[in-house]
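Observations on chain architecture
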Amino acid sequence: MTTAPGARLCPAQRWRRPAPPPARKRPPLPVAKMAAAASSTSAPSRLRAGAAMAARGAEAEALFEAHTAAELRAVERRLRAGIEQKREELRQMVGERYRDLIEAADTIAEMRLSAERLLGAVRGLQRGGAARPGPAAPARPPAQESFYRAAAQLKLLLDVPEKVWGAVEAGRYLPAARLHLLGGHLRRQLQLDAPRASPILARFPILLRQVAAASHLRSTILQESKALLKSQTVSDQAVAEALCAIMLLEDSSPRQALADFLLARKLAIQQLLNQPHHGAGIKAQVCSLMELLTTTLYQAHALFYTMPEGMPPDPALPCGLLFSTLESTTGQHPAGRGGVLEDEVKLSSWFRYLPESVVEFQPALRTLAHPISQDYLRDTLQKWIAMCSDDIRAGVSNLLVYVKSMKGLAGIRDAVWELLTSESISQNWEAVCRRLLDKPASFWEDLLQQLFLDRLETLTKEGFDSISSSSKQLLTLALQELEVKSGTSALSKQIQFEHNVALFLWSESSSDLPFDAAWVNVANRGQFAKSGLSMKAQALTPCVQSFCSALDSKLKARLDDLLSYLPADSSAAKEAAPAAQPRSAFDRYADTGTVEGLLRNHCVTCIHHVLGCVRDELQSARSLLGGQADAPSDARLNTVLFMARLCQSLTELCPHLKQCILGQSGSTETALKETRSTKKLGKGKAQEVSPMQAKWQAVKAELLQQSLFAYQIWSSAVTKGLVQCFTRTLLLDTAGSVLATATNWDEIEIQEETESGNSITSKIRLPVQPSWYVQCLLFSLCQEVNRVGGHTLPKVTLQELLRACMAEVLAAYEKLMEEKQEKKAGTFPMTQNRALQLLYDLRYLSIILTAKSEEAKTSRIKHDSGLEKVTDFLEGHIDPFDLDVFTPHLNSNLNRLVQRTSVLFGLLTGTENQYTSRSGALSSQELHNILPLASSQIRFGLLPLSMSSSRKSKSATRSTERVQCDADL
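Residues numbered from 1 in each chain as written. Predicted model: local features only at pLDDT ≥ 70, side-chain atom pairs only at ≥ 80, totals over all residues. Heavy atoms only, no water.

**Focus on the environment of Phe443**
Take Phe443: it is sitting in helix α18 (residues 443–482). Look at Phe443 and you get buried, because its relative accessible area is 6%. Sequence separation between Phe443 and Ile385 is 58 residues, and the spatial gap between their C-alpha atoms is 9.8 Å. Apart from residues no more than four positions distant in its own chain, Phe443 is found in contact with Met290, Leu293, Thr294, Leu297, Trp429 and Leu448. (Helix = DSSP H or I, 4+ residues; strand = E, 2+ residues; numbered from the N terminus. Buried < 20%, exposed > 50% of the residue type's maximum accessible area, 1.4 Å probe, protein only. Contact = heavy atoms within 4.5 Å.)

Shown next as structure tokens:
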């Protein structure tokens, strides 16, 4: 069956391209003419072609001569591949040109058909105008009229599917639905739904395909309309038309339309969360999610919300768009009357044969579309938000797993803030939420904020766990290197400095002074700038510096990453936020305190982990050193001292540790301390300490406690080793050993009065120096203290060292006393001279090794019972008359000895025991004390000793009185 020109294709052939009109065939070119054209080639061109062929032949021969067979085959393959590539390009070019030619032919044919229709319409108008004044045309028979009516409906029925497909492809789903419903109406009019009872189907069996194809149109329109509902970029009008199309095709209510709309948006959310994510795409996904949520609420208000009765509409917030579109579609509104046929169809010649029921056809719903109540709309939206919240939290949590830095989290948060703060979203947001939900809604605070905090906590924990493990490894490696004995020749310079800090203090290096020391003032230097001299002044060895530097660099990286999530200046940001952003969607820095708390807690946990490792190592070293006699030379002491210095200097060499714990207020702590000190001086009241500063003080206290514990292990080991040698020499009970340790005595002339009143001059010999083993003990003790950097030892540690040493010395003297009291046979007797030397040694040791913290507040000193017991025992071996004569001179010698050795043993005595007996003659204006070196008139001036300027002559006088009291003992 052939179709007339201008007729439409059947639905089954809608995707086939119509055959182009037959083009005019060109007569073939005669063979004679072709031969003549070929023979018309000029002779020079033939010569050039022959020369080219000869050149190519020579080139081929050169190839065969220069290459092997395998290489020639490779050249052949390349040439054939190039030929095939050129052939394919030629085919593509010819195909594209042929396609363009076909399209041009189709366009010309369509233009011809359109021109013929236009001319036919004009001729019809002319005929109608010419026949109007004349008599009416004769009426057609009813049979012919019904035939034309049926033919026109069949023509429209055949055109409907193509028009529906065109509307669907153009995204006009509501006109497509209306045309589809018109097709259903036509099928009912023509009784095509009952194939057996339809006479038309009997004559036109092809209409069966038309009926079958129409069933697919409904599902396609519904599918495309629901797919459009998932998009967040379409306009409100497009969404309203898609919902109207769904309602007309499914004969549903507005409540069902609301459910379809929200279900489509829920599926869109799930689809958005399940998209593949690659780094920066996570930010776009989260922002698209927030935009989808806000757009859904805005469109729900525009489509389904209706103003209460009596309230005027708000031009800035249109609403009820679904109901107005539905009214215009179903013809309830005057603007929607006139049927669903387009103007193009109305201009056709067969349009006048269509019945009125087809021309005026309007789709209708079975039930009235009542507006949705505000309560139902509010409950439905709240349930939808609650239902989507679980999916959003799970999906965003999975997305945030791929964000590996807090800077990335801050970038996503700022992008969400900028999106929600933009004028297009935030302008009417509060009004929409109030109308739809009866309460304000913040998707950031309700959905995302806690997820970001959880991810931030995870990142912080992972970061500080990494710092803890790396610090433990670094500590273990450093301790293994330090356990190498000092005698090993392969020691590095840094390890040698750890074994002997004095060697480090007196070595020179290029880093002792900063490169800009000549022109940059100390006050203008950076906070973290440390010179080599300052490190040496604090006895901070290179190993300690490298460990603290590594730890501080990792803390700085963590802190810098976290600071990107926090405001640059918290106080300034809080003050400027209301003025700079009056319509801010949410306070993106509201969780600053929580974030700083997370940083603080995990940082403290990290330090506790490092301290736990140090504590375990110290306990192990303590147990190993407990049973060794040569403890001072043991390599384990080097590790103990390293850990002591490390804990002592960690707070100073790791400034970012302080910032991590104190937060952004750490920079203002100095000013706060000054303010507090001023207030304390003025009011005398205790000031409150913030929790951050209390935690920082607690960390410092724990570090100091571990440092003191390590120094205690060292002092115990040193005391034990040195006093063992002292005790061994003291208990040697042979004449040779006594003479070997004896020193020169001083001969003193004294005037004595006889019973008759005459004066007699006599000479006595008294000790002026301690025994050699006493001097060796004190000097070795000073050497050990100097080897570990004695000027930086904590005062508590030094006092503990002296206290322990004095206790061991008393124990040695008590053991000697017990041996002499037993009076074993063959032992050397305790002579008066030896008792006098021992008493001199004991008093000298008690003065040197007595820490000032142990002195009483009164002027008298309460002696230890053990010291009194040993003193009484030694004095019991001296003649009482001689003891009375010797005591003043013995005290004078002892006083002079203490003065002379106060500088030599200054690391033990400190500046408090450096005194002078002449201070009473000084004026009150003197700001320094002096050191007498001889009792007679000296030739040179006295040596000044540097002390604190706050110590006046009054304190010096008190020191002298204390020493004189010690000497009187």
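**So, the packing of helix α14 (residues 374–400) against α18**
The N-to-C vectors of α14 and α18 enclose an angle of 30°; their axes lie 10 Å apart at closest approach. Classified by the interaxial angle, the pair formed by α14 and α18 is roughly parallel. Classified by chirality, the crossing of α18 by α14 is right-handed. Listed contacts from α18 to Ser389, Ile392, Arg393, Val396, Ser397 and Leu400 of α14 are Asp446, Leu447, Leu448, Leu451, Phe452 and Arg455. The class makeup of the residues in the contact of α14 with α18 is seven nonpolar, two polar and three charged. (Axes fitted to C-alpha atoms, helices over the stretch in contact; angles between N-to-C directions. Parallel < 35°, antiparallel > 145°, perpendicular 65-115°, else oblique. Left-handed = near helix turned anticlockwise from the far one by under 90°. Nonpolar A, V, L, I, M, F, W, Y, C, P; charged D, E, K, R; others polar.)

**Here we look at the environment of Phe304**
Assignment of secondary structure puts Phe304 in helix α10 (residues 281–304). On the basis of relative accessibility, which here comes to 0%, the residue Phe304 falls in the buried class. Residues Phe304 and Pro254 lie 50 residues apart in sequence; the distance between their C-alpha atoms is 8.0 Å. In this structure, Phe304 is in contact with Leu243, Pro254, Ala257, Leu258, Phe261, Leu322, Phe323, Ile372 and Leu377, ignoring residues within four places of it in sequence.

**What to know about the pattern of salt bridges**
Throughout the structure, instances matching the rule amount to 19 salt bridges. Here Asp375 makes a salt bridge to Arg378, at a shortest N to O gap of 3.0 Å. Within this pair, Asp375 and its partner Arg378 are both found in helix α14, separated by three residues, close to a single helical turn. Residue classification places Asp375 among the partly exposed residues on the basis of a relative accessible area of 45%. Across the salt bridge formed by Arg787 and Glu784, the nearest N and O atoms sit 3.3 Å from each other. A residue pair is termed a helical-turn pair when its members lie 3 or 4 positions apart in one helix, as Arg787 and Glu784 do in helix α30 (residues 772–787) at three residues. (Salt bridge = Lys/Arg side-chain N within 4 Å of Asp/Glu carboxyl O.)

**Concerning the state of the cysteines**
In total, this model carries zero disulfides according to the counting rule given. Considering cysteine sulfurs only, Cys776 is the nearest to Cys725, which forms no disulfide, with 7.6 Å between them. Note on Cys725: relative accessible area 43%, which makes it partly exposed. (Disulfide = S-S within 2.5 Å.)

**Quick look at unusual backbone geometry**
With a phi angle near 55°, Asp251 is a residue other than glycine that sits in the positive phi range. At Asp438, a position not held by glycine, the phi torsion is positive, near 60°. Turning to its location among the elements, Asp438 is positioned in the loop between α17 (429–437) and α18. Asp438 gets classed as exposed once you look at its relative accessible area, which sits at 51%.

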